[in-house]
Amino acid sequence: LSVVFYYFVGIIGSIYFLNSVLKLHSIPSLFGGIIFNFSGYLTQKVFVGHSNFFSVSLYPFISAFIYQYLKKGNLKDLFLSSFSLSILIYEGNTHPLLFYVTISCIVLIAYLTINFFKKVFLNSASISIRKDFAFLFRAIQILFFFFLFSAYRLLPEFDQLFTGGSYFVGDASNIKFSELISIFLSGSQHPFLSKEIESAQYNWWEFGNYIGLIPVIILLMA
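None of these values were measured; they are calculated from a predicted model. (Residues numbered from 1 in each chain as written. Predicted model: local features only at pLDDT ≥ 70, side-chain atom pairs only at ≥ 80, totals over all residues. Heavy atoms only, no water.)

> Any chance you could explain helix 5 (residues 75-90) here in plain terms?
Taking 1.5 Å as the rise per residue, helix 5 with 16 residues should run 22 Å; its terminal C-alpha atoms sit 22 Å apart, in good agreement. Positive phi shows up at Gly 92, right after helix 5, with a value of about 75°. (Helix = DSSP H or I, 4+ residues; strand = E, 2+ residues; numbered from the N terminus. Expected span 1.5 Å × (residues − 1).)

Right, here's the structure in full:
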């Protein structure tokens, strides 16, 4: 029931983000929702029972609320964006949370940098530096209220991390470039059919499922 619920929420959120917020046609909106929610990134985690990854389906709603607040500055969208982002940490979804925030910050910095160079070198009258600062300030507000809403979960995790550290065992050697091609372009990503990389301790499908996030990254950059 949880799997069905989260997939349903993910598809509805994708349609809302693509169709209602970005104003795309209903058919590509539905298609985009299916591609994201049934991509390897989420499906592989669901398959092996990593239930904390289920809330990845909230990405479209989170993206929609953040986009609307950055663009319009409505307080309702500030609350919805920061609170929905906090839901990821409520469910112990720390890895996808860090990934989402990192990618979003990279996209935001790239956007502001491109706008700055357009203003300086192209003398574009349509680009306002003051508007860019407002854009950045709203992004900082989202992060501030996110930390505020999720403090009761984040602070104990920070305390554990800084006092006891975290358990992590790295690969014995680096992955070769030829193996990277295999990770993303080989056949089935099914964990029962996957093959281990000789120089790595982990099955390549564990890395390969992240190709499912490529549509999200492209969408954010667009």
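> Where do I start with the environment of Gln 141 in this structure?
One can find Gln 141 in helix 7 (residues 129-149). When the C-alpha positions of Gln 141 and Phe 79 are compared, they lie 9.9 Å apart, and in sequence the two are 62 residues distant. Residues within four places of Gln 141 in sequence aside, it is in contact with Tyr 69 and Leu 78. (Contact = heavy atoms within 4.5 Å.)

> Hey, could you run me through the packing of aromatic side chains in this one?
Between two aromatic rings, the relevant description is the distance of the centres plus the angle of the planes. Applying the stated criterion across every chain, the model contains 17 aromatic pairs. With 6.1 Å between their ring centres and 70° between their planes, Phe 83 and Tyr 90 make a pair best called edge-to-face. We classify Phe 83 as partly exposed; its relative accessible area is 34%. (Phe/Tyr/Trp six-rings, centres within 6.5 Å; stacked < 30°, edge-to-face > 60°. Buried < 20%, exposed > 50% of the residue type's maximum accessible area, 1.4 Å probe, protein only.)

> Honestly, helix 3 (residues 40-47) in this entry has me stumped. Any pointers?
Because each turn of an α-helix spans 3.6 residues, side chains separated by three or four positions in sequence point in the same direction. Among the residues of helix 3, those classed as buried are Tyr 41, Leu 42, Gln 44, Lys 45 and Val 46. Just downstream of helix 3 lies Gly 49, where phi reads positive at about 85°.

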